[in-house]
Amino acid sequence: MKMKEVCQKTGLTERSVRYYIERGLIQPAATPSAVGRRMDYQFDSGHILELRDIAALRECGFSIERILNMKRNPSAIPGQIEEQMKETESQEKVVCKRREILCRILQTPAADTAALAENLRRESRTISLPDPEAEPDFRRLDEMEGARDGTEGNDSLARALRREAQKRGWLLTGIGMLLVLALGAGLFIRWRNKTAYTSFTSVSSVTFLEKWPEEGELFAVLRFGEESELAGITCTVRFESYPLYWAIVPGYEYIGASISAEVPLREGRKENIIIEGEIPSVDIVRLLGDEELSKKYAVAVTVQGE
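So, a few notes on the structure that sits alongside this text. Remember, it's a predicted structure, so these values are computed and weren't measured experimentally.

We now examine the overall build of the protein chain. The number of helices and strands found in the protein chain is 12 helices and 11 strands. Here the protein chain, with 306 residues, has 35% of them falling under the buried criterion. Sequence-distant contacts in the protein chain: of pairs separated by 6 or more residues, those separated by 24 or more amount to 59%. Put simply, the protein chain shows about 19100 Å² of open surface, and 53% of that area lies on carbon and sulfur atoms.

The next subject is helix α4 (residues 64–72). When we look at burial in α4, the residues that qualify are Ile 64, Arg 66, Ile 67, Leu 68 and Met 70. Residues of α4 that are buried make contact with α2 (14–22), α3 (45–59) and α5 (77–106).

Overall, the coordinates contain 8 aromatic pairs when judged by the stated rule. Measuring from ring centre to ring centre gives 5.8 Å for Phe 208 and Phe 239, while their planes differ by 35°; the resulting arrangement is tilted. In this pair, Phe 208 is assigned in strand β4 (residues 206–214) and Phe 239 in strand β6 (residues 234–239), connecting sequence segments 31 residues apart. Like Phe 208, the residue Phe 239 is buried in the burial classification. An angle of 75° between the planes, with centres 4.8 Å apart, marks the rings of Tyr 245 and Trp 246 as edge-to-face. A residue is classified by how much of its surface remains accessible, and Tyr 245, at 2% relative accessible area, is buried. What makes Trp 246 exposed here is its relative accessible area of 56%. Here a set of aromatic residues connected by ring pairs shows up, and it is made of Phe 208, Phe 239, Tyr 245, Trp 246, Tyr 252 and Tyr 254. Looking at Lys 211, its charged tip hangs above the ring of Tyr 245, at a distance of 4.8 Å from the centre. Between Lys 295 and the ring centre of Phe 219, over which it is positioned, the NZ or CZ distance is 5.2 Å.

Where α3 meets α4, the closest approach of the two axes is 10 Å, and the angle between their N-to-C directions is 130°. Between α3 and α4, the crossing angle belongs to the class labelled oblique. In the packing of α3 onto α4, the handedness of the crossing is right-handed. Between α3 and α4, the contacting residues are Glu 50, Ile 54, Leu 57 and Arg 58 on the first element and Ile 64, Ile 67, Met 70 and Lys 71 on the second. Of the residues in the contact of α3 with α4, the class split is 5 nonpolar, no polar and 3 charged.

So, about unusual backbone geometry. The phi angle at Asn 272 is positive, at roughly 60°, despite the residue not being glycine. Tracing the backbone through its elements, the reader meets Asn 272 in the loop between α10 (265–270) and β9 (274–275).

Think of an α-helix as 3.6 residues a turn; residues three or four steps apart then line up on the same face. Of the residues making up α2, those classed as buried are Val 17, Arg 18, Tyr 20 and Ile 21. Taken end-on, α2 shows its buried residues confined to a sector of 160°, consistent with a single buried face. Opposite the buried face of α2, at more than 90 degrees from it, the exposed residues are Arg 15 and Glu 22. Lining the buried residues of α2 we find α1 (3–10), β2 (39–42), α3 and α4. Backbone geometry just downstream of α2 places Gly 24 in the positive-phi region, at approximately 90°.

Grouped together as the largest cluster of nonpolar side chains are 28 residues, with contacts concentrated most on Phe 208, Leu 222, Phe 224, Phe 239, Ile 259, Leu 287 and Leu 288. Counting residues in hydrophobic clusters, the runner-up holds 24 residues, among them Val 17, Phe 43, Phe 62 and Ile 67.

This part takes up the pattern of salt bridges. A complete count under the given rule lists 10 salt bridges for this structure. The closest approach of N and O atoms between Glu 14 and Arg 18, which form a salt bridge, is 2.9 Å. Residue Glu 14 and its partner Arg 18 are located together in helix α2, separated by 4 residues, close to a single helical turn. Here Glu 267 ties to Lys 296 by a salt bridge, and the two come within 3.3 Å at their closest N and O atoms. Of this pair, Glu 267 sits in helix α10 while Lys 296 sits in helix α12 (residues 291–297), and the two are 29 residues apart along the sequence. Since its relative accessible area comes to 24%, Glu 267 is described here as partly exposed. By relative accessible area, which is 44% here, Lys 296 ends up partly exposed. Counted as one network, the salt bridges with shared partners bring together Glu 5, Lys 9 and Glu 262.

Scoring rules and cut-offs
Residues numbered from 1 in each chain as written. Predicted model: local features only at pLDDT ≥ 70, side-chain atom pairs only at ≥ 80, totals over all residues. Heavy atoms only, no water. Helix = DSSP H or I, 4+ residues; strand = E, 2+ residues; numbered from the N terminus. Buried < 20%, exposed > 50% of the residue type's maximum accessible area, 1.4 Å probe, protein only. Contact = heavy atoms within 4.5 Å. Areas by Shrake-Rupley, 256 points an atom, 1.4 Å probe, with all protein chains shown as cover. Phe/Tyr/Trp six-rings, centres within 6.5 Å; stacked < 30°, edge-to-face > 60°. Lys NZ or Arg CZ within 6 Å of the ring centre and 35° of its normal. Axes fitted to C-alpha atoms, helices over the stretch in contact; angles between N-to-C directions. Parallel < 35°, antiparallel > 145°, perpendicular 65-115°, else oblique. Left-handed = near helix turned anticlockwise from the far one by under 90°. Nonpolar A, V, L, I, M, F, W, Y, C, P; charged D, E, K, R; others polar. Arc of directions from axis to C-beta. Core = buried A, V, L, I, M, F, W, Y, C linked by side-chain atoms within 4.5 Å. Salt bridge = Lys/Arg side-chain N within 4 Å of Asp/Glu carboxyl O.

Below, the structure is given as structure tokens:
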């Protein structure tokens, strides 16, 4: 499977996929590119699943280092989730402080960006942003400034602390639920998009009857020779590369052709074309015998001439 198809199936950019490869998150087979200094990679269905899992974890804020750690040591997953929750909490505190600063400078008109920047610097000195490693300080400056004696100040501070502690509890609960939902969604997507893969090489004659482009894809009709286990079957297949497609001569008899197919398990089982086992595979005979399924999933990878 080529890079373009991987990007289409995962929704990731080529730059992201190459970055994940460089960081060791996935390890597809690599060959030097014929053009430039880049490497060409060959992906399989397992890499697609891994990339979708990585995308789900990145969406939830997990760093590359944390994902690597969890992949290498699954027993560290609970600890990594707790660390991610702490980091998210620290980020929330910084955002709250910044919002407070912005609320203050909103009351002070600024004629231009220079004046705005000066107001920001002044307020930043008045309300320092929290240290992510420090214990949180939940005091509200406005309430403390409004206190006129010790009793009123203590009551005001106690109320503020209770409110902030309650908000913190809600925040942590919400973050925990989001993490659980995100991980669950990743597992569901992986289950739903799980595929079966097979590769078949015809050992007898193969004749391509016609070929044509269609909506950006390249197709051809082929017929298997009498000595093949697929004897008598005529089917439509898609080509993996332009060079192979253009090299095919309609009506010419070839020694054989390598056909691959990757089918979603749910659809394959519904169509009764999955051979069950520890690693499910595609029943290539039934697949190629169905014109619609053959055109949708069968791919001509190589063709052997005389």
